[in-house]
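One-letter residues, chain by chain:
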Amino acid sequence: MSFIKVDQLCKTFKVATHKRGFVGAIRNLASRQHSLVKAVQDISFQIKRGELVGYLGPNGAGKSTTIKMLTGILVPSSGQITVGNIIPWEQRNQHTRRIGVVFGQRTNLWWDLPVIESFDLLKYIYNVPEDRFKQNLKKFEDLLELGEFSNTPVRSLSLGQRMRADLAAALLHDPEVVFLDEPTIGLDVVAKDRIRTFIKEINQNAGVTFILTTHDLGDVQKLCRRVMMIDHGKLLFDGPLQELQDRFGQERELEVDFADDYEDVSIPGAKIIQQQGRQTTYRFSREQMSASKLIQSLAEKFQIIDLTVREPDVENTIRHIYEKKLLSHQND
Amino acid sequence: MLYLALFRKGFQRMMAYRSATLAGIATNFFFGLLRTYLFIAVFDASGQVSIGGFSLRDAITFTALTQAFGSSLGIINWWWEVGKTIESGEIITDLTKPFHYFSFWLSRDLGRMVFQVIFRGLPIMIVYPFFFELTWPTSMAQWLLFSLSLSMAMIISFCWHFWMNCLSFWFVNAKGFGRFAWLAAAFFSGFLIPLSFFPDWLKAIAMWTPLPAIINTPIEIYLGVAQGAALWEALGLQLFWVIAFTIICELTFRAGRKRLVIQGG
Amino acid sequence: MIEGFRLYARLMSAQIRSQMQYKMSFIMEFASTFMGMILEFASVVVLFIHMPALDGWTLAEVAFLYGSAEFAMALSQVITSGFDVFPETVRLGKFDSILIRPRNAMFQVFASELAIRRFGRAAQGLFVLGIAIWWMDVDWGVAEWSMLAVMILGGVVFFAGLFIIGATFSFWTVEGLEAMNILTYGGSTMVAYPMSIYAEWMRNVFIFIIPLAFVNYYPSLFLLNKVDPFGLPGFMPFLSLPLCSLVLLASLVFWHFGIKRYQSTGH
Ligand SMILES: Nc1ncnc2c1ncn2[C@@H]1O[C@H](COP(=O)(O)OP(=O)(O)OP(=O)(O)O)[C@@H](O)[C@H]1O
Ligand SMILES: [Mg+2]
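First, a word on scope: everything that follows refers to the structure included in this document. (Residues numbered from 1 in each chain as written. Chains lettered and ligands numbered in written order. Predicted model: local features only at pLDDT ≥ 70, side-chain atom pairs only at ≥ 80, totals over all residues. Heavy atoms only, no water.)

**Brief notes about unusual backbone geometry**
Part 1 of the argument: Despite not being glycine, D174 of chain A shows a phi value in the positive range, around 50 degrees.
Part 2 of the argument: Looking at where D174 of chain A falls in the secondary structure, it is placed in the loop between α6 (159–171) and β6 (177–181).
Part 3 of the argument: Even without being glycine, N225 of chain C reaches a positive phi, approximately 60 degrees.
Part 4 of the argument: Checked against the element boundaries, N225 of chain C lands in the loop between α12 (217–223) and α13 (240–258).
Part 5 of the argument: Since its relative accessible area comes to 70%, N225 of chain C is described here as exposed. (Helix = DSSP H or I, 4+ residues; strand = E, 2+ residues; numbered from the N terminus. Buried < 20%, exposed > 50% of the residue type's maximum accessible area, 1.4 Å probe, protein only.)

Here it is in structure tokens:
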């Protein structure tokens, strides 16, 4: 039973274009032109309760725009969204009660107020019962270690502290689904870990649905069973992380230690990417050559001491997809 | 040259605000209408043809001129850009740059002023005659003297704002004081009503300040209210303020900078 | 609705508490605006040196018009401070944070900012109004006081409507609708003097199209027992609040239309 349904979602922005320079400025005075940006094009997907979905894509792909439509901030140009049978931008009141939102780039808290006062206001805004509020606050304080800065105004918090405060704020009212737009942006390793653990905990124990966008593949590996990938506003992949890797993680690497100095160690079908003394690293694509085949042809010519085969990591896979525009070729 | 480039930038920057400029013209003109009808009613009720040397037509022209050049001369709008950077401490980075601080802002702001004279002032002077008869300078010389006076008024206006901004070096709440100074300028410069409508004692107070040199002087020259010796005297006083106020600003700024450097902000 | 007001009160008190950190700068801004604006009224006083009355209105009576217009407008400005900075709220994408809360967005905008400095102008209006009330030749009974209260309320509601309409334009343009200044600042200046001094077309526009004349002019005619120079029916003063409320209503409708056009920002 799908909880979130998105059907043929589109969003087009109208952007004013400015001409540059002195003459341009004068012409701007007289007329202003607009161009259309198709930020999201024809996206459909469904998400079940309790899922934890990673939403990936290069800069400007349309991730934030999608999140903003899902949260009811933006009204789509066309297409439908329902979250538990509610249309976000039409029944904003009911919708927002059930969701939590964090924008990594910008706080949703009150800039001048101490964190704890922001929470108090939220308790009031969402009508959170007192005992429930206390319970949650206690839990989040433990998990996110909010105690040290709960009396500091938001504007004086460090990025990591602010993110934790925002995360707690988004969950105070026990939302059913939480949208996180780059929740680990700019954080150090420890802070990232803490936030990841927190998200995982809430997802598994409370069954809260999470949708998160990120550029940090650590987030994806640690958290997401399912990923969606979008580029130029189009949904290019939707499935388990493993499948993404199997399908596109084509380039494997083979590291060989030779027993002797050889003049020419090149093998057709494999690319030498590094050579250091007697150690050579090859990159080869899964489709063109199997590992055993490559090892076999090496062993025929040279004497080998040691071998390591490296599977592609997620980061490389994704870089590969972004750079080569693999998926968009498939779709077009 | 840097300062010329800054002047151009200041001018150009204003062009980005197309709708603001149009809205500004409309608003200035609407206020002009209101003030004109107020003066018509005042002359009507006073039963006189001339008040303080102003005929009704002069008074109407007065509203046209003040509405046309008031934003350029910083009476309708004010700025707190320097004050802001002092308050936030960002000024430190500006001070490390190789330019003369006062001239830097003067050039930029003159760019804005000239833009506003052309794109906010002239349109109003062009529209006004469709509604009311205005007084015009009677000779080329008068036009030139008016332009000269207007130019000096711009510099004095800038000094007034700059000087107020500089108070931020000393007072945390200089902004509040600056706002008062700005509002007071509307009254004492002869922007709200001509200084010759004032009772003598009040006018005497005003004349001790540089404020009349920003509005009252150029207007009296334009209208021909100031003539002969009085005219040269007014221009001389304006020139005095240009020089004196520039020096005052420079000294104030230096003292402020010194204070900042010594106290570390 | 009641909930909305309670939310407003709640957010406001938080606002005030956070602003109290800068107590001195408040006082300065308040005092400077108050005194600066008093000088504006001083120029009206100076004009009265040259005439006994303005189109039949004594200085006290003009002060009543001036004070009530300023007071209503400035009070409305204080209340709608959030809309004053709304173009900025939109430009910086801060409106996102409002839209994700399960409360009326408009109330949240109302409560998003409080420009204490504007109290300075309101105080100046109230000061001039107070002097006028004390000085004017009126027997202040229940009817008069009620008329005064309704008139101020009408003015606040009228200007609030205009401020909201102006702010709503920021859903389309970056700067909001600056031309709205004509009606807000221009409007309050216009009704600081008797309507009869203006050109006929202006009067007609501001009686029949935009009900500016009902903000204080018609109620004042009633209070001062003056004959309507335009010969309109005697019930005009009583239309004040209903017509002004209509402006606020229009602004609400427009707001609900505009909010759907919100584009947010690119990050
Ligand atoms: N409010 C807006 N007005 C105009 N254009 C916008 C707006 N918001 C987004 N866009 C454009 O839509 C496209 C998608 O932007 P979006 O913010 O959704 O990307 P993103 O996937 O979140 O990117 P990033 O990873 O950089 O955050 C971009 O081309 C962007 O310039
Ligand atoms: Mg984004």
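**Section: the interface of chain C and chain A**
Frequently, the measure chosen for interface size is the accessible area removed from exposure when the parts meet.
Part 1 of the argument: Between chain C and chain A, the residue contacts involve 27 residues of the former and 29 residues of the latter.
Part 2 of the argument: Overall, the association of chain C and chain A removes approximately 2,800 Å² of surface from exposure, summing both partners, and the carbon and sulfur fraction of that is 53%.
Part 3 of the argument: Our count for the contact surface shared by chain C and chain A stands at 2 salt bridges.
Part 4 of the argument: Ionic pairing is found between R106 of chain A and D96 of chain C, a salt bridge with its closest N-O pair at 2.9 Å.
Part 5 of the argument: At the junction of chain C with chain A, the criterion picks out 10 residue pairs in polar contact (both at pLDDT 80 or more).
Part 6 of the argument: Broken down by secondary-structure element, the contributors of at least two residues to the side of chain C that touches chain A are α1 (2–19) and α6 (95–99) of chain C.
Part 7 of the argument: No other element matches the 8 residues that α1 of chain C contributes to the side of chain C that touches chain A. (Contact = heavy atoms within 4.5 Å. Buried area = accessible area lost by both parts, 1.4 Å probe. Salt bridge = Lys/Arg side-chain N within 4 Å of Asp/Glu carboxyl O. Polar contact = N/O pair within 3.5 Å; in protein donor to acceptor, adjacent residues only side chain to side chain.)

**Here's the deal with the sheet that holds strand β12 (residues 279–285) of chain A**
Residue and element names in this part refer to chain A.
Part 1 of the argument: One open sheet accounts for 4 strands, arranged β11-β12-β10-β13; its pairing is antiparallel. Each of the sheet's edge strands pairs with one partner strand only, and the pair in question is β11 (270–276) and β13 (304–310). Recorded for the sheet is a direction-independent mean angle of 20 degrees between the axes of neighbouring strands.
Part 2 of the argument: Here β11 runs beside β12; their pairing, made up of 6 bridges, is antiparallel. Its bridge partner lying in β12, K271 is registered against R283. (Pairing = 2+ DSSP bridges. Axes fitted to C-alpha atoms, helices over the stretch in contact; angles between N-to-C directions.)

**Observations concerning helix α10 (residues 291–301) of chain A**
All names here are of chain A.
Part 1 of the argument: Of the residues making up α10, those classed as buried are A291, L294 and L298. Within α10, the buried residues cover an arc of 70 degrees as seen down the axis, which keeps them to one side. More than 90 degrees from the buried face of α10, the exposed residues found are S292, K293 and E300.
Part 2 of the argument: Of the surrounding elements, those touching the buried residues of α10 are β10 (251–258), β11, β12 and β13. (Arc of directions from axis to C-beta.)

**Remarks on the site of ligand 1**
Part 1 of the argument: The environment of ligand 1 is made up of 17 residues, and the closest members are K63, S64, T65 and H215 of chain A together with Q263 of chain C.
Part 2 of the argument: Each of chains A and C places residues near ligand 1.
Part 3 of the argument: S64 of chain A is positioned with one of its side-chain polar atoms (N or O) 2.6 Å from an oxygen atom of ligand 1.
Part 4 of the argument: The separation between a nitrogen atom of ligand 1 and a polar main-chain atom of Q263 of chain C is 2.7 Å.
Part 5 of the argument: Burial of ligand 1 by the protein chains amounts to 80% of its free accessible area of 630 Å².
Part 6 of the argument: Of all the secondary-structure elements, those providing two or more residues to the shell around ligand 1 are β1 (2–17), β2 (33–48) and α2 (63–70) of chain A. (Near = heavy atom within 4 Å. Areas by Shrake-Rupley, 256 points an atom, 1.4 Å probe, with all protein chains shown as cover.)

**Let's talk about the interface of chain B and chain C**
Part 1 of the argument: At the junction of the two partners, chain B supplies 36 residues and chain C supplies 38 residues.
Part 2 of the argument: A combined buried area of about 3,100 Å² lies between chain B and chain C, and 78% of that area is made up of carbon and sulfur atoms.
Part 3 of the argument: Where chain B packs against chain C, one counts 1 salt bridge.
Part 4 of the argument: Viewed at the interface, chain C and chain B are joined by 2 residue pairs in polar contact (both at pLDDT 80 or more).
Part 5 of the argument: For the side of chain B that touches chain C, the elements supplying multiple residues, two or more each, are α2 (18–46) and α8 (174–188) of chain B.
Part 6 of the argument: It is α2 of chain B that provides the largest number of residues to the side of chain B that touches chain C, a total of 16 residues.
Part 7 of the argument: Tallied by class, residues from the side of chain B that touches chain C come to 28 nonpolar, 6 polar and 2 charged. (Nonpolar A, V, L, I, M, F, W, Y, C, P; charged D, E, K, R; others polar.)

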